[in-house]
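# Coordinates in review
So you can see what is in the structure, the chains are spelled out below.
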Amino acid sequence: MLELLAPAGNLDAVIAAVQNGADAVYMGFGDGFNARRSADNFTRESFAKAVRYCHIRGCKVYVTLNTLVGDREMEAAAALAQQASDAGADAILVQDLGLARVLRDALPDIPLHASTQMSIHNLAGVEAAAEMGITRAVLSRELSLEQIRFISQHASIETEVFVHGALCFCYSGQCYMSALIGRRSGNRGACAQPCRMQYSMGGRMDEYPLSLRDNCLADYLQQLDEAGVACVKIEGRMKSPRYTAGVVSIYRKYVDKYLESGREGYRVDPADEKQLLELFDRGGFTAGYYREHNGRDMVALKEKPAFREGNAALFDYLDKTYVNAALKEPMTGCVRLAVGCPAVLTLESGGQRVEVTGETVLEALNRPMDEAAVAKQMKKTGNTPFTWERLTVELDGQVFLPVQVLNDLRRRGVEALERAIVGQYERVCAEDARSGGGPDERQPDAACVREIPADDVQHEGFTFAVSLERPDALDAALRAVREASAANTAGRDERFAVYLDSTGFPPSAWKDAVKQCRGAGASCLLKLPQIFRQEARRYFETHRSALFAAEFDGLVIGSMEEIQFLKDMGWEKPLVFDHNLYGFNHMAAELYESLGAVRQTIPLELNYREILKTGGRGKELIVYGHMPVMVSAQCIQKTVGGCTKKEGILTIKDRMGKEFPVKNHCRFCCNTIYNTSPLSLLHERAAIGEIAPAAVRLQFTVESPEETERIVRAFADALIGGLEVKDPLPEMTRGHFRRGAE
């Protein structure tokens, strides 16, 4: 049975969702650790109210702690999770693997769900999450029905799929655009949505090539259920309660319709589709990636729809029926009054049964109470969350009780029933039960908040790594590497490595390229794609013999999915974990080490001081490159000019005149948008020495062979030779190294 999961940015939205029949709601709790920090979110008091409201009405509550978490923040994040668990939250959504590890150890009784921010896009990713104690995985929005079906039917844990609402241009959890442009990190819940802005592609500034239409899968609920999906999710924690009420009402209607009558005759009424558009319209709806890998029809592209008059009748109906109406739970009960005995009231609702007793029943002197009189008083439920489904009155003798005594009996009975229903969700760990301590007295394990001391000595040697996407830049890069090696007369133990990016280097070039690198005194590693979908899996399965025959010294991996794939292939050589396998805290770093990382790349959004706190010794630091701000299943070339099936670079220009290179990687059918200015830590030699990385990386993507050679020489002179050098390019940025991301 499909669970219908609704968004709730505030208490009014919770009420709107539950009134409409949502099976569960998801919400942020506290500040700073959920992917919608600018939503109202919930204080401890309002969260308790929301949980109580939901649980009395049989609705589950999922808490979003789905951002990356630094070491200094881990204690606060763990404390929020503890408070949510104590209040009765039914699950916690996480992105950060370090936080997941802490919560799994500290709160073993509360289910953890993998947020879509984890970028889980195949079965291997789901199973990797399961091994970490995750009980449900929210799949990437970019998956087709066939991929969703395969994953859901073979996974050992539940799957959840977005069926309605906004689509990001970038894979969730892989976007740096907002952070690099304005320091507002999508991985920290502060996305400024630059994908919704206008960009020029050589003409006027009048198009929205990164703004996707909203997803709408109401037509396909039956197929998702048959595919084995456990939960369908509506996006929109930033939307109004009216939006929540309207969208959830329609999805509830069609989930129920399918459950009642099956697939035969299932069809969404065009009037309901029209109502969904009237609630929010971003240039029409799309079935998203459900039916196609990408396409122009998924992109808003031209000007946003002009403002139109709202449907006042629809809005009034929603307000009256769902937003402002009071939904009450059915209750059954029996009141027993016998002369000379205490009054007894038994109530049942939500699977709970309670019994309360009152004052001794008197014998009537004049007018004894009849069943109608007793029932009249007991049925006055007022502002309580219950309504009578059935009430039985049993009288023995000429009974009498004052009205205020009957009212008190009813009030205490309803309160006891409410406590029983809510109490079944609340948790108290064994240690608290023994000590009598409450949630305010507990502290997370000190291991989760350990601070790594900064290294106070410079590292005397590191690997100087050059990553290349363009095969025609290999000769130029190796010339510069040879010169750097020959010029290294300071006695330092520098080593050289070249990473061949598999998005650019074909299998036919691997073996010869490895020989060339070794001839230049450099080791050679293959860099796997950042997103490892079925296309990539089939590609490397097809070229398995070429991969092993090339005799690479190791691989650079960018997704959790690649770990299990490589194990299955029998790969035993070293693995370098790339920057987007986020080691934001030492708990995540230790986890990656246990998964086989010989070296981890420092996340791009950590600044210099945060790197020192987390620990940089033994890791890899990217010191140069046009950083990827987005990786997308969409293809801008296909959107604006049709698919050419040819690798290429185009540019998009923002309102400030900044140009962003866009490369279409046809081998894996994805686009990467790179930052307008390359990252450069050329003049940060002292800080790099303090961090003491095991490797520094220059990452080349769109540079020409001549630029590549010039930049490698400059960085070798500065970082190895200790020379003062001029910037090899006119415009560079230090990225987040000094300023950090919010």
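Just above sits the structure.
Conventions we followed
- Residues numbered from 1 in each chain as written.
- Predicted model: local features only at pLDDT ≥ 70, side-chain atom pairs only at ≥ 80, totals over all residues.
- Heavy atoms only, no water.
- Helix = DSSP H or I, 4+ residues; strand = E, 2+ residues; numbered from the N terminus.
- Rg over C-alpha atoms; globule rule 2.2 N^0.38 Å.
- Buried < 20%, exposed > 50% of the residue type's maximum accessible area, 1.4 Å probe, protein only.
- Contact = heavy atoms within 4.5 Å.
- Areas by Shrake-Rupley, 256 points an atom, 1.4 Å probe, with all protein chains shown as cover.
- Lys, Arg positive; Asp, Glu negative; His and termini not counted.
- Charge placed at Lys NZ, Arg CZ, Asp CG, Glu CD.
- Pairing = 2+ DSSP bridges.
- Axes fitted to C-alpha atoms, helices over the stretch in contact; angles between N-to-C directions.
- Phe/Tyr/Trp six-rings, centres within 6.5 Å; stacked < 30°, edge-to-face > 60°.
- Salt bridge = Lys/Arg side-chain N within 4 Å of Asp/Glu carboxyl O.
- Parallel < 35°, antiparallel > 145°, perpendicular 65-115°, else oblique.
- Left-handed = near helix turned anticlockwise from the far one by under 90°.
- Nonpolar A, V, L, I, M, F, W, Y, C, P; charged D, E, K, R; others polar.
- Core = buried A, V, L, I, M, F, W, Y, C linked by side-chain atoms within 4.5 Å.
- Arc of directions from axis to C-beta.

### Examining the overall build of the protein chain
A count of helical and extended segments in the protein chain gives 24 helices and 31 strands. The C-alpha atoms of the protein chain give 30 Å as radius of gyration, which agrees with the globular expectation for 742 residues (27 Å, within 12%). If you line up the protein chain on its principal axes, its C-alpha atoms span 115 × 60 × 45 Å. For the protein chain, buried positions account for 59% of its 742 residues. Residue pairs in contact within the protein chain that sit at least 24 positions apart in sequence constitute 73% of those at least 6 positions apart. Here the protein chain displays about 30100 Å² of accessible surface, and carbon together with sulfur accounts for 48% of that area. Of the charged side chains in the protein chain, 88 are positive and 100 negative; the average position of the first set lies 3 Å away from that of the second.

### What about the sheet that holds strand β26 (residues 628–632)?
The sheet built from four strands is open, its strands ordered β26-β29-β28-β27 with antiparallel pairing. With partners counted over all chains shown, the strands left at the sheet margins are β26 and β27 (648–653), one partner each. Neighbour-to-neighbour, the strand axes of the sheet open up by a mean angle of 25°, direction not taken into account. Here strand β28 (residues 659–665) runs beside strand β29 (residues 670–674); their pairing, made up of four bridges, is antiparallel. Bridging across to β29, Asn664 finds its partner in Asn671.

### Here's the deal with the packing of aromatic side chains
Given two aromatic rings, one states the distance between the centres and the angle between the planes to describe the pair. Enumeration according to the criterion identifies 18 aromatic pairs in this entry. Taking the centre distance of 6.0 Å and the plane angle of 75° together, the rings of Tyr254 and Tyr266 count as edge-to-face. With Tyr254 in helix α9 (residues 241–261) and Tyr266 in the loop between α9 and α10 (270–279), this pair connects stretches of sequence that are twelve residues apart. Classification of Tyr254 as buried rests on a relative accessible area of 1%.

### A closer look at the pattern of salt bridges
Tallied over the full model, the rule gives 36 salt bridges. Of the charged contacts in the structure, one is a salt bridge between Arg136 and Glu158, with a shortest N-O distance of 3.0 Å. Of this pair, Arg136 sits in strand β6 (residues 136–138) while Glu158 sits in strand β7 (residues 158–165), placing them 22 residues apart in sequence. Classification of Glu158 as partly exposed rests on a relative accessible area of 38%.

### So, unusual backbone geometry
For Ser119, which is not glycine, the phi dihedral falls at a positive 60°. When its relative accessible area of 4% is taken as the criterion, Ser119 is described as buried.

### Overview of the sheet that holds strand β22 (residues 554–557)
Taking strand neighbours across the sheet as the criterion, the nine strands line up as β24-β23-β22-β21-β20-β19-β31-β25-β30 in an open arrangement whose pairing is mixed. A single partner strand is all that each edge strand has here, and the edge strands are β24 (597–600) and β30 (679–680). Examined bridge by bridge, strand β20 (residues 495–501) and strand β21 (residues 522–527) share six bridges and lie parallel to one another. Bridged to Asp501 within β21 is Lys527. Seen against the sheet, helix α19 (residues 561–569) touches β22 and β23 (575–577) and runs at an angle of roughly 150° to β22. Running over the sheet, helix α20 (residues 586–594) touches β23 and β24 and is turned about 145° from β24.

### Comments concerning the packing of helix α15 (residues 474–487) against helix α16 (residues 507–519)
Interhelical geometry of α15 versus α16 gives an angle of 20° and a closest axis separation of 10 Å. Taken together, the axis directions place α15 and α16 in an arrangement best described as roughly parallel. In this structure, α15 meets α16 at a crossing whose hand is right-handed. Residue-level inspection shows Leu474, Asp475, Leu478 and Arg482 of α15 in contact with α16, the latter providing Ala513, Gln516, Cys517 and Gly519. Each residue belonging to the contact of α15 with α16 can be placed in one class, and the counts come to four nonpolar, two polar and two charged.

### Observations concerning the nonpolar core
Counting residues in each nonpolar core, the largest one holds 195 residues, and the members touching the most others are Val25, Phe47, Tyr251, Phe464, Phe552 and Ile673. For this core, the leading source of residues is α9, giving eight residues. Discounting chain neighbours no more than four positions away, the residues touching Tyr251 are Leu4, Val163, His164, Cys216, Leu217, Ala218, Leu221, Ile234 and Leu276.

### Description of helix α17 (residues 534–542)
Every α-helix winds through 3.6 residues per turn, so residues three or four apart in the chain are directed the same way. Buried within α17 are the following residues: Ala536, Tyr539 and Phe540. Looking straight down α17, one finds its buried side chains confined to an arc of 90°; they lie on one side. In this structure, the buried residues of α17 make contact with α16, β21, α18 (544–549) and α19.

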